[in-house]
Amino acid sequence: MAERIEQRLEDRIPELEQLERVGLFTPKEIRAVLRKASALEYKIQRRALRKEDFVNYIQYEINLLELIKKRRARIGYSFKKEEIESSIVHRVHSLFKRATGKWKEDVQLWLSHVAFCKQWNAKHQLSKVFSTMLAIHSNKPALWIMAAKWEMETRLSSESARHLFLRALRFHPECPKLYQEYFRMELMNAEKQRKEKKEFEQAKMDLGEFNYSEEILNGELARIIYRDAAQKIKGVEFHLAVLSIAKLFDFTQDLQKEILESLQTEYADDPLTWDYMARRELGLGSLKSTEPTTKQMKVSEMTQREERCCAVFEEAVTAVSTEDMWKCYITFCLERCNRKTNSEELKQKRLERTLSVFSKAHESSLLPESLYKQWLQLLLESNLSEKATEVAEAATKRFSLSAEMWQMRLQVLIQLKNDNVTQCFEEAFKHLKSKGTLPLWTLWVEWSEGTNSKQDTEALYQRSLNATAPAESVTMKEKYLDWAYRNGGYKKVKRVFTSLHENRPLSLDFFRKMIQIEKEQESCKMLHLREYYERALREFGSTDSDLWLDYIKEELSHPQGKPENCGSIHWRAVKMLQGDQVEDFISKYTLLQTGHL
């Protein structure tokens, strides 16, 4: 092993000598590089190889290359690259080859090698890397796409890219993304050839030796790919993705027409088809007049376009009367409503249209639950508070078992300072089960705190403890304790704590809150702190090492503390804690004894 390392270090000497000779590195720096290289070599020649060692070695060499680049720029020296950089680059390739050979499954390692090859324009090397990587990771479509794109865009080889896509499709015959990128590649190739042909014709060159196929020039290969894919991949999303790619090229009108016809024939009942057809109207019929256009003309034209979109959507919700279809229509209206415009007239029309569509969807009982919140928000922003109250009530009638709908309605009533808030809370809890009602109870007690008497609010807190699911009641106990301290002081919170400390389940924060409150008192009593810690440890002593440590610290630091109790607490902790918590406790306790914690 030593001989091999010695040999590899000797192989470095010519490049290091060149670095020193041309003034890029000092003799001291050369010695530092040799020392570091020697240490890195030893690590990758061991029997038990570690991936981190290879990664660190590669990163060191890449950093060295970057440093050389900066030094060259600083002194303006650009010669001897073959003797210096090429040698280092070759070594990095060798390191990557060994690492990817050993850890074949690590895709990130392969991608790092790909990135390095691209950075140093190592085309031949990268071709080999892609070939080996795809033989091992043939199950990853994204890697096939990456390789094909490189062949097409960097090596300008449509033939190699096509070959890779065809191989990839053998492994993934139903992968939409592969078909989309293959489709895009063929259209890019067609566009490239069309440009070349046009340039030759403009230069009046003889095209005899260049064989430009009319089929390729017209995008026929892309059409074949689309038809093949359409047989295997079902769903509107794929057709729309392919159509959006075709629209990027100005010679694909016939192809776009075919995709659109297929979409309308096969997916006539799909909301996404209608959504596309409606939105398409926005891009049609733009102003073509050469005369200057006024602001009013632009507003008028935009209004007409949006109305044409809505006409299609109106037809859509009649033909496909579903929640998803209405959602598409409303989403479009909201998007237009949120667009900035200086025209108050257009802004008002958009708002009225959106509110009207919300109403129609609601009247059809096809407004999705998730959209009621946006409707209410829009109504409140438009100061239509009476309508907002009506809509909120209707929403809870339709979705009477939804805690979110009730919460939304109550927030509207509270915001509008309505007199029926309490009545609405009561009505909500008649419909809802205890599980999932925590946000409503939180809302009720918070509202009550600012509106009702302390007695009423406390009655609500006590009621919530039995009305929420056990896991949710934990939060209400914490809130109750906090409220009692804020509104009644120490004596009140002590009474509330005493009434709740046996009412399980309890949280660690419940006890920690009480400990903190005790410590804030001028006459903080260790007797009380011990009681709170002991009660907390009964519940959480087996899982929380920090609780034991805090107890010990309290005994050591409190004026009324008993340091002689610490040994007993330590013994109990070690006995009670489970798993890794024991080790964690012992190590922290040791630090505490030495004064480092």
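Look above for the structure.
Presented here is an overview of the structure given in this document. This is a predicted model, so every value here is computed, not measured.

### Comments concerning unusual backbone geometry
Following R504, the chain continues to P505 via a peptide bond in cis, the omega torsion being 0°. Structurally, P505 is set in the loop between α24 (470-500) and α25 (508-520). Located in the positive-phi region is K80, a residue other than glycine, with phi close to 60°. Of note, K80 is situated in the loop between α3 (51-75) and α4 (85-102). K80 sits in the partly exposed class, given a relative accessible area of 36%. Its identity is not glycine, yet S365 carries a phi of approximately 60°, on the positive side. On the secondary structure map, S365 appears in the loop between α17 (344-363) and α18 (369-381). Overall, S365 belongs to the partly exposed group, its relative accessible area being 42%.

### Points about the side chain of K477
With respect to the helices, strands and loops of the structure, K477 is situated in helix α24. E478 is the oppositely charged side chain nearest to the buried, salt-bridge-free K477, at an N-O distance of 9.4 Å. A distance of 2.8 Å separates the side chain of K477 from the backbone oxygen of N503, its partner in a polar contact. When residues no more than four places from it in sequence are discounted, the contact partners of K477 are L465, L500, N503, R504, P505, L506 and F510.

### Re helix α11 (residues 220-232)
Compared with an ideal rise of 1.5 Å per residue, which puts 13 residues at 18 Å, α11 spans 19 Å between its outermost C-alpha atoms and is within 8% of the ideal. Listing the buried residues of α11 in full gives A222, R223, I225, Y226, A229 and A230. Buried residues in α11, looked at end-on, bunch into an arc of 160°, giving them a common side. Of the exposed residues in α11, the ones pointing more than 90 degrees away from its buried face are I224 and Q231. In this structure, the buried side of α11 is in contact with α9 (176-202), α12 (236-246) and α13 (253-266).

### Some points on the environment of E502
Structurally, E502 can be placed in the loop between α24 and α25. Excluding anything up to four places from it in sequence, E502 contacts R535 and R538.

### What about the packing of α18 against helix α19 (residues 385-398)?
Packing of α18 against α19 leaves a shortest axis separation of 9 Å and a crossing angle of 165°. Judged by the angle between their axes, α18 and α19 are roughly antiparallel. Where α18 crosses over α19, the two elements pack in a sense that is left-handed. Counted together, Y372, W375, L376, L379 and L380 of α18 and K387, A388, V391, A392, A395 and R398 of α19 form the full contact between these two elements.

### Some points on the packing of helix α28 (residues 566-576) against helix α29 (residues 580-593)
Interhelical geometry of α28 versus α29 gives an angle of 155° and a closest axis separation of 10 Å. The pairing of α28 with α29 is recorded here as roughly antiparallel in orientation. In contact with C566, H570, A573 and V574 of α28, α29 contributes V582, F585, I586 and Y589. Considered class by class, the residues forming the contact of α28 with α29 number seven nonpolar, one polar and no charged.

### A few points about α3
An ideal rise of 1.5 Å per residue puts 36 Å on 25 residues; α3 measures up with 37 Å between its terminal C-alpha atoms. If you follow the buried residues of α3, they end up packed against α1 (2-21), α2 (27-44), α4 and α5 (107-119). Where α3 ends, the next residue or the one after it, G76, has phi of about 70°, a positive value.

### Some words on the nonpolar core
Within the largest apolar cluster, 93 residues are counted, with the highest numbers of intra-cluster contacts made by F183 and Y372. For this core, the leading source of residues is helix α16 (residues 323-338), giving nine residues. If sequence neighbours within four positions are ignored, F183 has contacts with A222, I225, Y226, V242, I245, A246, L255 and I259. By size, the runner-up hydrophobic cluster in this structure holds 56 residues, among which are L432, L440, W441 and V582.

Criteria and thresholds
Residues numbered from 1 in each chain as written. Predicted model: local features only at pLDDT ≥ 70, side-chain atom pairs only at ≥ 80, totals over all residues. Heavy atoms only, no water. Helix = DSSP H or I, 4+ residues; strand = E, 2+ residues; numbered from the N terminus. Buried < 20%, exposed > 50% of the residue type's maximum accessible area, 1.4 Å probe, protein only. Lys, Arg positive; Asp, Glu negative; His and termini not counted. Salt bridge = Lys/Arg side-chain N within 4 Å of Asp/Glu carboxyl O. Polar contact = N/O pair within 3.5 Å; in protein donor to acceptor, adjacent residues only side chain to side chain. Contact = heavy atoms within 4.5 Å. Expected span 1.5 Å × (residues − 1). Arc of directions from axis to C-beta. Axes fitted to C-alpha atoms, helices over the stretch in contact; angles between N-to-C directions. Parallel < 35°, antiparallel > 145°, perpendicular 65-115°, else oblique. Left-handed = near helix turned anticlockwise from the far one by under 90°. Nonpolar A, V, L, I, M, F, W, Y, C, P; charged D, E, K, R; others polar. Core = buried A, V, L, I, M, F, W, Y, C linked by side-chain atoms within 4.5 Å.

None of the figures reported here should be taken as evidence of function without further support.
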